[in-house]
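# Structural description and commentary
Residue strings, one per chain:
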Amino acid sequence: MKLSICLTVYGAFLLLYSIIIVAIEATSFYVGLIFAILPFLCFIILNWFAIPQPSEAVIREILGENLWIIERDRHPLSGENESAEEDTFAIKTVAHRACGLDAPENSMAAIKSCKNKGSKCIEIDLWLTADNIAVVFHDDTLERMTNGFGPIKIKTFQALQELKLAFQPEPHIKQTFVEAKIPTLDECIKFCLESDIKLILDVKDTSDEMVHTLLAMYKRNPVLYRRVIVSGFDPLFIYKIRSADPQIACSMAWRPEYFTSVSFDAVHGSKRCSQLLHRHYFSLVMDYISAWLFNHILFYLLGLSVVLLHKDVLSARTVARWQNRGIRVMAWTVNNKTEKDYFVNVLHIPYLTDTLSYTH
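To start, this report covers the structure provided alongside it. (Residues numbered from 1 in each chain as written. Predicted model: local features only at pLDDT ≥ 70, side-chain atom pairs only at ≥ 80, totals over all residues. Heavy atoms only, no water.)

On to the overall build of the protein chain, then. Of the regular secondary structure elements, the protein chain holds twelve helices and nine strands. Going through the 360 residues of the protein chain one by one, you find that 47% of them count as buried. Counting only contacts in the protein chain whose residues sit at least 6 apart along the sequence, the fraction spanning at least 24 positions is 62%. In the structure as shown, the protein chain presents an accessible area of about 18,500 Å², 59% of it carried by carbon and sulfur atoms. (Helix = DSSP H or I, 4+ residues; strand = E, 2+ residues; numbered from the N terminus. Buried < 20%, exposed > 50% of the residue type's maximum accessible area, 1.4 Å probe, protein only. Contact = heavy atoms within 4.5 Å. Areas by Shrake-Rupley, 256 points an atom, 1.4 Å probe, with all protein chains shown as cover.)

Turning next to the pattern of salt bridges. The tally for this structure, following the rule as stated, stands at 19 salt bridges. When the shortest N-O distance is used, the salt bridge between Glu65 and Arg60 registers 3.6 Å. Under the relative-accessibility criterion, Arg60 is labelled partly exposed at 34%. Asp312 serves as the salt-bridge partner of Lys311, at 2.9 Å between the closest nitrogen and oxygen. Salt bridges sharing partners connect three or more residues here, namely Arg97, Glu105, Asp139 and Arg144. (Salt bridge = Lys/Arg side-chain N within 4 Å of Asp/Glu carboxyl O.)

Regarding helix 3 (residues 56–63), the residues found buried are Val58, Ile59, Ile62 and Leu63. Buried residues along helix 3 cover an arc of 110° about the axis, so they all sit on one side. Contacts from the buried residues of helix 3 go to strand 2 (121–128), strand 4 (198–203), strand 5 (228–231), strand 7 (306–310) and strand 8 (328–332). (Arc of directions from axis to C-beta.)

The next thing to look at is empty space enclosed by the protein. Rolled over the atoms, a probe as big as a water molecule pinpoints where empty space is left. Using the criterion set out here, one finds one cavity of 30 Å³ or more in the structure. Considering only enclosed or pocket space, the largest cavity measures out at about 60 Å³ in volume. Around the largest cavity, the lining is made up of 13 residues, and of these Asn66, Leu67, Arg328, Val329 and Pro350 lie nearest the centre. Listed by contribution, the elements that provide at least two residues to the lining of the largest cavity are helix 4 (67–74) and strand 8. Sort the elements by how many residues they give to the lining of the largest cavity and strand 8 lands first, with three residues. For the lining of the largest cavity, the per-class residue count stands at eight nonpolar, three polar and two charged. (1 Å grid on protein atoms, 1.4 Å probe; cavity = no way out; pocket = protein on both sides within 12 Å on 5 of 7 lines; lining within 4 Å. Points joined across faces, edges and corners; volume = space filled by probe spheres on them. Nonpolar A, V, L, I, M, F, W, Y, C, P; charged D, E, K, R; others polar.)

Next up on the list: the layout of surface pockets. Roughly 940 Å³ of internal volume is contained in the largest pocket. Residue lining of the largest pocket: 33 residues in total, with Arg97, His138, Val262, Ser263 and Trp332 positioned closest to the centre. At the level of elements, strand 2 and strand 7 are the ones that each hand at least two residues to the lining of the largest pocket. Classifying every residue of the lining of the largest pocket by side-chain character gives twelve nonpolar, nine polar and twelve charged.

Next up on the list: the nonpolar core. Grouped together as the largest cluster of nonpolar side chains are 74 residues, with contacts concentrated most on Ile111, Ile122, Ile124, Leu185, Leu201, Leu214 and Leu314. The biggest single contributor to this core is helix 10 (residues 277–302), with eight residues. Ignoring anything within four residues of it in the chain, the contact list for Ile122 reads Val94, Ala95, Ala98, Ile111, Cys114, Ile197, Lys198, Leu199 and Ile200. The next biggest cluster of nonpolar side chains, apart from the first, holds 16 residues, and it includes Val58, Ile62, Val94 and Trp332. (Core = buried A, V, L, I, M, F, W, Y, C linked by side-chain atoms within 4.5 Å.)

A few words now on a nonpolar patch on the surface. Residues Tyr10, Leu33, Ile34, Ile37, Leu38, Phe40, Leu41, Ile44, Ile45, Trp48 and Phe49 make up a contiguous nonpolar surface patch of about 1,100 Å² in total accessible area. No other element matches the ten residues that helix 2 (residues 29–49) contributes to the nonpolar patch. Of note, Phe40 is situated in helix 2. Take Phe40: its relative accessible area is 45%, and that puts it in the partly exposed class. (Patch = residues over 30% accessible without salt bridge, like charges linked within 9 Å, V, L, I, M, F, W, Y side chains within 5 Å.)

Structure (structure tokens):
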């Protein structure tokens, strides 16, 4: 692993040095010396600040056995463990937003519905209210999911309790959900611990107050170290969490075009964030830089245990590359039955889904 990181750093500096030589013909001895020394210094600094992963035993307790490892060891070319136990505990399906197509997303009603359907792992989203109470909600504004409006961060918890969660059920949903409310994180944690349900916390509010809130939550409930994974798109937030408490297992979500597009869809195309040309091209540069850092540096610096990758960019080679680094892969968001079968039975990885209508 360290050799691979070292070669990556040297390769990046060699490319940068080549560009400088071509652009300004900087071929002096001192420029070359600087570019010979800097990669070595950067590698030392990277190792100094890198946070080690939690043990594999911790991740196994949260997510069960690694589907990819099970299949690899079952392969006849490996010569061992050809008859893996079919009843081995392994998370295959994660309820995304507590399955927001089956019940009001991120609500206690949705979480209870997931439990009733046998779900063993649920993903929920987190924000802090104006009075610093962690609540389970996805959007930064209230319009889509409630009868309220405005940013959730400026509302007190009492004000949020006066709102109702909206829900438009799919045709197969017969159950009605009356006056579902925005729950607190503490409510969800209590219920999931009592129900032996594991959690992935997708943190939307990446403020320092949220960092302190989550750290305090782990201190109050040490059992969460083996029940919960903290996740998000912001590497700085994850670094703050893990540098303060390296025992906390973390994952990072990633998709292409994060800076340039509102969302990513490889089939139907993506909607650009900005129509202004200069902003769009700046975002393109940010996308290239963030993608390179995520795939080559950040996973090591952060000590990630899991990566959550957009379903449209996953292949057997991508999964193998991450697994060989000792990092598990999950696909998001997968609602099609054929795709669910593909990720579990072909790529041998779990998936996040909005509906438990078709599960494994």
